[in-house]
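Each chain, letter by letter, is given below.
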Amino acid sequence: MNFKAAVWPAMLLTHVLGMHQGLAQEAAARDDLQQQRVAPFQVFDNLYYVGARWVSAWLLETDQGLILFDSLYGDLVDLAVDGIRELGFDPDDVRYVIVSHAHYDHAGGAQRFQRDFGAVVLMIEADWQLSEGEPDFREYPRPMRHLSLGNGDTLNLGRTRLRFLQTPGHTRGVLSTVFTVYDGGYPHTAVMFGGAGLNFEGADRLRMYIDSVGQLLSVPGVEVNIPNHPAFGDVFARNELLQQHQDGDPHPFVDPESWIAWLELLRGDAQTRLDAELAAN
Ligand SMILES: [Zn+2]
């Protein structure tokens, strides 16, 4: 009895500490500039990756300047700034930063793009409020309130037009964007789902998420998934295929079936969690 009483809590403690250490190491690797460095690369005529290993930043080129999707955070903001320069662009030409949602990994660099490069930051209203209140995971430099978006709003920059959808669940103000990418001048409809992660709870939010995925599934003719975390769309594996790709081969990012399949999978996972939450109550 004494043995058990003494040993079990100690084993449990080691296990818990071990887990925490693992998580801490993982978090440290995520925040480390060198471990997160990815050489920036072009994916379409008008779209480039300037993000990190675990979280995305995408640069859209227009005839009237640049649009940045998400801003990274902490030391990783340098990846986006350096990447823009390495690709031959000027960060001062970033006109807009579109923040997919107000968590630190997407919104953490927004203030720097406002302050250092004069960019205008866009978010859904509910996520402006989140950015001004108690942070969900981590603090980050709060951006000044610029443009607040709602469902169905559009933005024109030169000949480029973006259409926005409010797709809540992951946060209450998740911003998804529908836009056009070009491959050798040939247009394809692309979507960024601004908050795919199912790391939240509550039947209310899960129902919102399921509706949001339904809204995205109803966007006609989507051929390209531009994810705000690379793992959500096999970005690096597709880029490897792109590097070997010959003229006339299908573009590895043009993959309408996997867009639909991914959304169906997310909807199924969310429904399973919702059913479990409802059964538990
Ligand atoms: Zn998030």
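In this report, the structure presented in the accompanying data block is examined. (Residues numbered from 1 in each chain as written. Predicted model: local features only at pLDDT ≥ 70, side-chain atom pairs only at ≥ 80, totals over all residues. Heavy atoms only, no water.)

## A short note on the side chain of Gln-36
Working step 1: On the secondary structure map, Gln-36 appears in helix 2 (residues 33-36).
Working step 2: For Gln-36, the side chain forms a polar contact with the main-chain nitrogen of Arg-53, separated by 2.9 Å.
Working step 3: A distance of 3.0 Å separates a polar side-chain atom of Gln-36 from the backbone nitrogen of Trp-54.
Working step 4: Beyond its immediate sequence surroundings of up to four residues, Gln-36 is in contact with Ala-29, Arg-30, Ala-52, Arg-53, Trp-54, Leu-76 and Leu-79. (Helix = DSSP H or I, 4+ residues; strand = E, 2+ residues; numbered from the N terminus. Polar contact = N/O pair within 3.5 Å; in protein donor to acceptor, adjacent residues only side chain to side chain. Contact = heavy atoms within 4.5 Å.)

## Structural notes on the pairing of strand 4 (residues 65-69)
The side chains of a regular strand alternate between the sheet's two faces.
Working step 1: Extensive coverage of strand 4 is indicated by the burial of 5 of its 5 residues.
Working step 2: The pairing of strand 3 (residues 58-62) with strand 4 spans 5 bridges and is classified as antiparallel. Note on strand 4: the bridge partner recorded for Trp-58 is Phe-69.
Working step 3: Following strand 3, the chain reverses through 2 residues before pairing antiparallel with strand 4.
Working step 4: Tracing the backbone out of strand 4, into helix 3 (residues 77-86) and back to the parallel element strand 5 (residues 94-98) gives a crossover that is right-handed. (Buried < 20%, exposed > 50% of the residue type's maximum accessible area, 1.4 Å probe, protein only. Pairing = 2+ DSSP bridges. Right-handed = clockwise from strand over helix to strand, strands pointing away.)

## Digging into unusual backbone geometry
Working step 1: Notably, Asp-70 is not glycine yet its phi reads approximately 70°, a positive angle.
Working step 2: Mapped onto the fold, Asp-70 is located in the loop between strand 4 and helix 3.
Working step 3: With a phi close to 60°, Leu-72 is a non-glycine residue in the positive phi region.
Working step 4: Mapping Leu-72 onto the fold places it in the loop between strand 4 and helix 3.

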